[in-house]
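Listed below, chain by chain, are the residues.
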Amino acid sequence: MRSTLVQLGWKPFFRDQLKPDESLGCQPARVMSVHRGMVTVSGEGFEESISSSVPMADGPEGRPTVGDWLLIERQSLAIQRILGRTSLFKRPAPGDERRVQLIAANVDTLFVVTSCDQDFNVARLERYLVLAHEVGVRPVVVLTKADLVDNPATFVAAAKSLHPQLHVELVNGLNGRSVAALATFCRAGETVALVGSSGVGKSTLVNTLKGSDTIATQAVRESDGKGLHTTTVREMHRLGGGLGGGGWLIDTPGMRELQMSDVSSGVTEMFDDIVVTTLDCRFTNCGHTDEPGCAIQAGILDRTLDPARIARWRKLRDEDAASTATASVQRSRRARPNRPR
């Protein structure tokens, strides 16, 4: 189904980046899916598969990813440039921290999908939420498979305890009425991305929101509740009008682990109560272990702070610091001119 630019998510933020003379020989198009060396794009009344090559690509973020807006030539359909992004999800590439893997761009809301079973993991949820806060995208925790447990309210309470303003939705992914509340985040021109482990029901959720069964699904293993990677391509899906559609869903391959790098702002926002408490420590360089006058230790003793949550905050903070330092060294090395031998 062909769409207008507004239906595709075109907003003043992108329009204002165009130069007056660019509209003569070029046109905007949005990346709908990413394949090896190619991207599928949609523009005003057209959809094409084109080369993903970008002239004068600037660094690892100079490649198109799903959700990007591109400026392409009208005749050749060659990419001229990637328009500035409202948001960008990325991570160190698995197995090679020197590379950056782009996940999705120009996302308005992030559905953090987990199921009411063995997959539910508070520490993993916090990682996704830190990422959302760092990028500046509104997170919504979506709890699936609510129909398979006796007391799903305990999972809702555990998720809501992570942050006082966190929005949590409990759904049966197979039931259109159950997931209808999620469509309010996908109004016309809005874009939502889904992240979560394999087997939590993301593809089933997408099918229900679309009102179709075009996305392949697979059962999870009974032994450990883990699923296989059903989604192998990052792709945008149009929501059906029956669920108040008009918006877009970006389905991403399941990511079992996220490495934290350059997410200090996200960590601060996610654990804002802990960060505020550290300001009351006697010493500015307090390590929050056994130093005198440590407000964190005092909070643990009087039970206003949860030791388990403190431990998760430390882990994410330290992981971010280490990864950011490593990335900084690598950027510095790449910036050095090659010396003649």
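All figures in this text were calculated on a predicted structure; none of them were measured in a lab.

Caption draft 1: Just the packing of aromatic side chains, in detail. Tallied over the full model, the rule gives 6 aromatic pairs. Plain terms: the ring middles of phenylalanine 111 and phenylalanine 185 are 6.1 Å apart, the flat faces sit at 90 degrees to each other, and that makes the pair edge-to-face. Separated by 74 residues along the polypeptide, phenylalanine 111 in strand β8 (residues 109-115) and phenylalanine 185 in the loop between α6 (176-179) and β11 (191-195) bring together distant segments of the chain. This pair shows no difference in class: phenylalanine 111 is buried, exactly as phenylalanine 185 is. For the ring pair phenylalanine 120 and phenylalanine 155, a centre distance of 5.3 Å and an interplane angle of 80 degrees mean the geometry is edge-to-face. Placement of the pair is phenylalanine 120 in the loop between β8 and α4 (122-135) and phenylalanine 155 in helix α5 (residues 153-160), with a sequence separation of 35 residues. The rings of Trp10, Phe13, Phe14 and Trp69 are connected pair by pair, giving a single aromatic cluster. The lysine or arginine in question, arginine 317, covers the ring of tryptophan 313, its NZ or CZ lying 4.6 Å from the ring centre.

Caption draft 2: Quick peek at empty space enclosed by the protein. If you walk through the whole model with that rule in mind, you get 1 cavity of 30 Å³ or more. Roughly 50 Å³ of internal volume is contained in the largest cavity. Lining the largest cavity are Val112, Val113, Thr114, Asp119, Asn121, Arg124, Leu125, Tyr128, Gly196 and Ser197. Elements represented by at least two residues in the lining of the largest cavity include exactly β8 and α4. Of the residues that constitute the lining of the largest cavity, the class distribution is 4 nonpolar, 4 polar and 2 charged.

Caption draft 3: Structural view of unusual backbone geometry. One non-glycine residue, leucine 77, lies in the positive phi region at around 65 degrees. Topologically, leucine 77 is positioned in the loop between β4 (69-73) and β5 (79-82). Even without a glycine there, the phi angle at histidine 288 is positive, about 60 degrees. Structurally, histidine 288 is set in the loop between α9 (272-278) and α10 (295-301).

Caption draft 4: Focus on the nonpolar core. One finds Phe89, Leu110, Val112, Val141, Leu143 and Phe271 to be the most contacted residues of the largest nonpolar core, which totals 51 residues. Considering every element that reaches this core, the biggest residue donor is α4, with 7 residues.

Caption draft 5: Region of interest: α5. Among all positions of α5, only Phe155, Val156 and Ala159 are buried. Axial view of α5: buried residues confined to an arc of 100 degrees, hence all on one face. Check the buried side of α5 and you find it contacts β9 (138-144) and β10 (167-170).

Caption draft 6: Highlighting the pairing of strand β2 (residues 38-43). In terms of residue burial, β2 counts as a mostly covered element, since 5 of its 6 residues are buried. Here 5 bridges tie strand β1 (residues 26-35) to β2, and the two strands are oriented antiparallel to one another. From the neighbouring strand, valine 34 faces β2, where its bridge partner is valine 39. Counting the residues between successive antiparallel strands, the hairpin from β1 to β2 contains 2 residues, one of them, glycine 37, with a positive phi of roughly 80 degrees. Here β2 pairs with strand β3 (residues 46-51) via 6 bridges, running antiparallel. Note on β3: the bridge partner recorded for glycine 43 is phenylalanine 46.

Caption draft 7: Spotlight on the environment of glutamate 190. Of note, glutamate 190 is situated in the loop between α6 and β11. Look at glutamate 190 and you get buried, because its relative accessible area is 17%. Remark: the alpha-carbon pair of glutamate 190 and glutamine 7, spanning 183 residues in sequence, is separated by 8.5 Å. Residues within four places of glutamate 190 in sequence aside, it is in contact with Lys11, Asp108, Phe185, Gly247 and Trp248.

Conventions used here
- Residues numbered from 1 in each chain as written.
- Predicted model: local features only at pLDDT ≥ 70, side-chain atom pairs only at ≥ 80, totals over all residues.
- Heavy atoms only, no water.
- Phe/Tyr/Trp six-rings, centres within 6.5 Å; stacked < 30°, edge-to-face > 60°.
- Helix = DSSP H or I, 4+ residues; strand = E, 2+ residues; numbered from the N terminus.
- Buried < 20%, exposed > 50% of the residue type's maximum accessible area, 1.4 Å probe, protein only.
- Lys NZ or Arg CZ within 6 Å of the ring centre and 35° of its normal.
- 1 Å grid on protein atoms, 1.4 Å probe; cavity = no way out; pocket = protein on both sides within 12 Å on 5 of 7 lines; lining within 4 Å.
- Points joined across faces, edges and corners; volume = space filled by probe spheres on them.
- Nonpolar A, V, L, I, M, F, W, Y, C, P; charged D, E, K, R; others polar.
- Core = buried A, V, L, I, M, F, W, Y, C linked by side-chain atoms within 4.5 Å.
- Arc of directions from axis to C-beta.
- Contact = heavy atoms within 4.5 Å.
- Pairing = 2+ DSSP bridges.

From the geometry alone we can't say anything about function, so treat these as descriptive.
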